[in-house]
Amino acid sequence: MGKARRAKPGKRTPAARAKAALDRAQPPPSEPPPSTKRAPGKFSTRNWRVARRLRAILLIPVLVTLVFGGLRVNRAIDTWQSADDAVRVAELVQAANKYASDAINERDLSVVPLLQGDTGSEVVAKARKVTDQDRAAFEAAVERMPKTARLLRRVEVVQQGSEQLDDIRAAAFTSKLPGVQTEEKYHLIQHPLMELANELGFGSSNQASFGRALYAISLTQAAESLTRAIGTHILVEDRSALQDGELESQLASFRSYAYLQQVALVEFDGAATSQDTARLQKALDTARAKGEQQAVEAAQRADEAGEEYVAPPAMTKMISEIASGKPATELAKQGITTESFFAASTLSFDAYRQVEVYLTDTALSNAEDIADSARRDAIVNSSVALAAVLAAFLIAAGVARSMSTRMSLLRASAFQIADQRLPALLAQLSRSTPGRVDSRVAPIPITSTDEIGEVARAFDQVHQEAVRLASEQALLRGNINAIFTNLSRRSQSLIEGQLSLITDLENNEADPDQLENLFRLDHLATRMRRNGENLLVLAGEESNQHGMGPLALIDVLRAAASEVEQYERIELSGVPEAEIHGRAVSDLVHLFAELLENATAFSSPQTMVRVTAGRLPDGRIMVEIHDSGIGLTADDFAAINHKLAHPPTVDANISRQMGLFVVGRLADRHGIRVQLRPSRAQTGTTSLVMLPDTITYTAVEAVPAEGPVALPHAPQEAPDLAAVAAVIADSVARRGRGIHETWEDPGNDAMSRFLHREERRRQTTRGEHQTTGPDTPQ
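Residues numbered from 1 in each chain as written. Predicted model: local features only at pLDDT ≥ 70, side-chain atom pairs only at ≥ 80, totals over all residues. Heavy atoms only, no water.

A. Quick peek at empty space enclosed by the protein. Applying the stated rule across the entire model yields two cavities of 30 Å³ or more. Each pocket or cavity is described by its volume, and for the second largest cavity that value is around 40 Å³. Taken together, Asn97, Ala100, Ser101, Ile104, Gln190, Met194, Ser218, Gln221 and Glu356 make up the full set of residues lining the second largest cavity. Those elements that provide at least two residues to the lining of the second largest cavity are α2 (50-115), α7 (187-195) and α8 (207-236). Here the lining of the second largest cavity gets four residues from one element, more than from any other, and that element is α2. Taken together, the residues that form the lining of the second largest cavity break down as three nonpolar, five polar and one charged. (1 Å grid on protein atoms, 1.4 Å probe; cavity = no way out; pocket = protein on both sides within 12 Å on 5 of 7 lines; lining within 4 Å. Points joined across faces, edges and corners; volume = space filled by probe spheres on them. Helix = DSSP H or I, 4+ residues; strand = E, 2+ residues; numbered from the N terminus. Nonpolar A, V, L, I, M, F, W, Y, C, P; charged D, E, K, R; others polar.)

B. Unusual backbone geometry, seen in detail. Look at Phe173: it is not a glycine, yet its phi comes out positive at around 60 degrees. Tracing the chain through its elements places Phe173 in the loop between α5 (165-171) and α6 (181-185). Given the relative accessible area of 11%, Phe173 is considered buried. (Buried < 20%, exposed > 50% of the residue type's maximum accessible area, 1.4 Å probe, protein only.)

C. Region of the structure containing the sheet that holds strand β8 (residues 696-697). The strand order β1-β3-β8 describes an open sheet built from three strands, whose pairing is antiparallel. Whereas interior strands pair on both sides, the edge strands pair on one side only; in this sheet they are β1 (551-552) and β8. Alignment of β1 against strand β3 (residues 579-580), held across two bridges, turns out to be antiparallel. Residue pairing for β3: Leu551 is matched across the bridge by Ile580. (Pairing = 2+ DSSP bridges.)

D. Fine view of the pairing of strand β5 (residues 621-626). A large share of β5 lies buried, amounting to six of its six residues. Residues Ile621, Val623 and Ile625 of β5 are buried on one face, and the alternating residues Met622, Glu624 and His626, pointing to the opposite face, are buried as well. As defined by bridge partners, β5 adjoins strand β7 (residues 685-691) across six bridges and the pair is classed as antiparallel. Looking at the pairing, Val623 lines up with Val689 of β7.

Next comes the structure, spelled out in structure tokens:
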């Protein structure tokens, strides 16, 4: 496109103009006379005194404080009630866990006596008495618990299992409940009790995790108890009296519950805290040490009695040996007896129970602490809310007496600054040519030293700071524009010299390969010149080519395409017979070049970019640029179209979308509408450019545009430049101008250089072909 315009002598830059506008200060204008308004009515609140008005105004926040204070007190009371409910739930879970633990302990202690037929065993009676006491304590806790639907459902399941306890005791380890059915029947009582642990955790950030941890340790204890009961059962009973397959069923159940214990331990590790995990490990270590001490003591007693003593193996070894189905006599040789197995299993059972008791006690303690805290909060909040309401009324009355007209004056002055003086000054400084600007700030006429006076002084400082910042921004914008203009003009002169040098090299170069490299360098320099012209657009400079003649729309599009890196992918078709006014040719070539650059850069190199145009009934021309890229989202389209319609102020974000900013500026300069829309195909983007009739008109004689008009597709092929040149020459001749005059025009420099490169490429290729001959490989 055209060369950069040089600064005329004596003409000030935008920065100089902005600085001069700030330096020219005038006295502030006189205050406008107050507007005449209708007097307020007799009962209007505007006739109230300030004290009365403030009481009325402050009554609203006082009432709001009262309402929100009441809500806060009510919320505190609700929290207190919820915390009390949590305490009763914790008591229920504590009683349930003790009931469940003693119930399965009763089952385990009853295995040996009942299998041996000792139904009146004192051990069994004592264990059942403890279980009955636990059941009574649980029923008492049920009476105190909160009657929620969820708890009632859980308790109902527990009570259904408890009702079967007497029947289970009567049939335990008899033919009515053979095998391991007795052990598993007790599970109907223990498991619902264990599930109540999921109701714990009120006020805790890990409510679900706490319940899971307690449930997991209870499940571990239950699995250990079943393993102890069934293992003792297998060691004590007479296997000769068993039915076929009954022993295998017992062994299978024994292995399953031993495996369930390990699964429950893993679940506990995942749900419990590190402190709880360490506490369980410590309890198991203590149980292991106690078991070793018991083995030492048993060995001493056997030695004193002169009996042979075999130390029992570890618990895991005993479980695996019992699960193998070996006879009791063979297991005894390894130290695995009823007494040793029961004692070792009891130690683990007690360790699990110790952690379970600790967790239930901790839950109860936490719930009680939360309840106490909620109770205190409810009392404190009620007192504070009542005191705040009373204080608000007293303060409102006192403040209302101390206020005067200064508040109204401050309000009026603040609104005048915010609504009139400051916006008007900022609007004037934001213009590119602000003119004579008075940047002085008239202070608010309040001289008191109280808070109202301090607010007035603070508002004056804010006002002064806002004016100062706006002035600096105006000066900075002028400096930036001057920098852009200076850089652009410096680079443009260098690029023009570079283009002249490249042209001389092209004219004197005969090597096709070297000439091709020069052509690429020429095209790259042309694109660099367009980037330099972008700086002029950013600086707000107008085009310096208003005096050039009109140019056909098809030629404008060709000139724009010649400035694009991948120009061979651009295809023109259906362009109507219209001409562009000379004052808009340069800017329109620049605008189309930026849009075509985007279309080729963001689409596949194997696709074509189609450019079509059509005349609307009202005389305007619509140019469409279609590409086959990946497309944009709806939000992206909305943001880009907004920037195209309303070009923003130059800032750091412009560097990321400079092309779109330049297009918006150029379109706004000539009243052109540019929009991006999704392509009608599945992918791609369509750029719509609406050319107003103020810059276009229909030529008397124009080049017919029937079918597609495209630039050459590949630089290696010899393009039909004669046909292209003939079309352009014919178009120019019909307008009464020579082709040399038209394409030497500064606005058509890009197209001229493009035709020159293609003609030189064709001549060089033809000359090389004649030198090598038709049969010589190329």
